[in-house]
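Below, each chain spelled out in residue letters.
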Amino acid sequence: MDGQCGSGSNAKEKIRPGEGRRAIAKIFEAFAYKHERHRVFRDCMELMAIALSNAVDLRKRDEREARYLAVAKHYTREELDQFCRVLGALTIELEAGPADVLGAVFSELEIHNAYAGQFFTPYEVAKLSARMILGDAGAVRAQIERAGHITVMEPAVGGGAMVIACADALMEMQINYQQHLHVTAVDVDERVAHMAYIQFALLHIPAVVVVGNSLSLEVRDVWDTPAHILGGWSGRLARNPVQPAAAAGDELADAASASLAGQLALF
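Computed from a predicted model, the values in this text were never measured in an experiment. (Residues numbered from 1 in each chain as written. Predicted model: local features only at pLDDT ≥ 70, side-chain atom pairs only at ≥ 80, totals over all residues. Heavy atoms only, no water.)

Take the side chain of Glu93 next. When you line up the elements, Glu93 lands in helix 4 (residues 77–96). Of the side chains bearing the opposite charge, Arg21 lies closest to the buried Glu93, which forms no salt bridge; the N-O distance is 6.8 Å. A polar side-chain atom of Glu93 sits 3.4 Å from the main-chain amide nitrogen of Glu19. Setting aside residues up to four positions removed in sequence, Glu93 forms contacts with Arg16, Pro17, Gly18, Glu19, Gly20, Arg21 and Val101. (Helix = DSSP H or I, 4+ residues; strand = E, 2+ residues; numbered from the N terminus. Buried < 20%, exposed > 50% of the residue type's maximum accessible area, 1.4 Å probe, protein only. Lys, Arg positive; Asp, Glu negative; His and termini not counted. Salt bridge = Lys/Arg side-chain N within 4 Å of Asp/Glu carboxyl O. Polar contact = N/O pair within 3.5 Å; in protein donor to acceptor, adjacent residues only side chain to side chain. Contact = heavy atoms within 4.5 Å.)

Right, let's get into the packing of aromatic side chains. In the structure shown here, the tally under the stated rule is 6 aromatic pairs. With centroids separated by 5.1 Å and ring planes inclined at 75 degrees, the aromatic side chains of Phe106 and Phe120 adopt a geometry described as edge-to-face. One end of the pair, Phe106, is in helix 5 (residues 101–108); the other, Phe120, is in the loop between helix 5 and helix 6 (123–134), and 14 residues separate them in sequence. On the basis of relative accessible area, Phe106 is assigned to the buried category, the value being 0%. Phe120 sits in the buried class, given a relative accessible area of 17%. Ring pairs connect the aromatic residues Phe28, Phe41, Phe106 and Phe120, which therefore count as one cluster. When the ring centre of Trp223 is taken as reference, the NZ or CZ atom of Arg64 above it lies at 3.5 Å. Above the ring of Trp233, the side-chain terminus of Arg236 is found at 3.9 Å from the ring centroid. (Phe/Tyr/Trp six-rings, centres within 6.5 Å; stacked < 30°, edge-to-face > 60°. Lys NZ or Arg CZ within 6 Å of the ring centre and 35° of its normal.)

Glancing now at the confidence of the model for the chain. Summing up the model confidence of the chain, the mean pLDDT is 86 and the portion of residues at 70 or higher is 82%. Long-range and interchain partners of residues 241–251, a stretch whose pLDDT sits below 50, account for 12 contacts in this model, where long-range means more than four residues apart. Counting interchain partners and residues more than four positions distant, the pLDDT-below-50 stretch residues 255–263 has 27 contacts. (pLDDT = per-residue confidence, 0-100.)

Written out as structure tokens, the structure is:
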């Protein structure tokens, strides 16, 4: 996928907006004859995340490229082409409008049965919650006027529905989330963290996605979205006068810019 999803892969061929979710599910269903579905889904998410990350995050490119090759060797070229089709279908769906497409696919495939009873919040419920959390558009604009942006902390991100819904709600307020929203998102399960990272990357949401534990402050990996890197958000957050420095020894706050003053907490 990293360098393999070119024009010859037909990754976006014959899939129209509104059809992508079912198309993605059918691709994974077709793997059942040879591979365990939950493993294929996990590997596909990791390879897509690495492909997106390696386009911009030069610091981790070599390490992640090695991991990419270690995972990809378990699949044929034809099977990897199907992963490209997943990325193409997902891109089409998200171009049509923000949504937790991967969370919906995860639930549709009933992969949550293999992951200790994980369930994702339906997107319409997440969107309603996001509107309530953000509150009045005037208050949001006032915060942006003071600090230049708002920050959101999601301690159990799953596929990213709540964060995507916040971006969606800001769009309804005529606020450019790509310029005025920054997200710190955490999940203990790297598979769903990859799902969130992929969707944030494709929606160009400035975010740091942490694979770790919000309660114990354990950090196993950190994924900076393209919007975070290209938008210079590390510098923007460091210059924000209302953002205190991370406490010494607080790995989660240090690595992911968590525990920010004025953050909106999503639960």
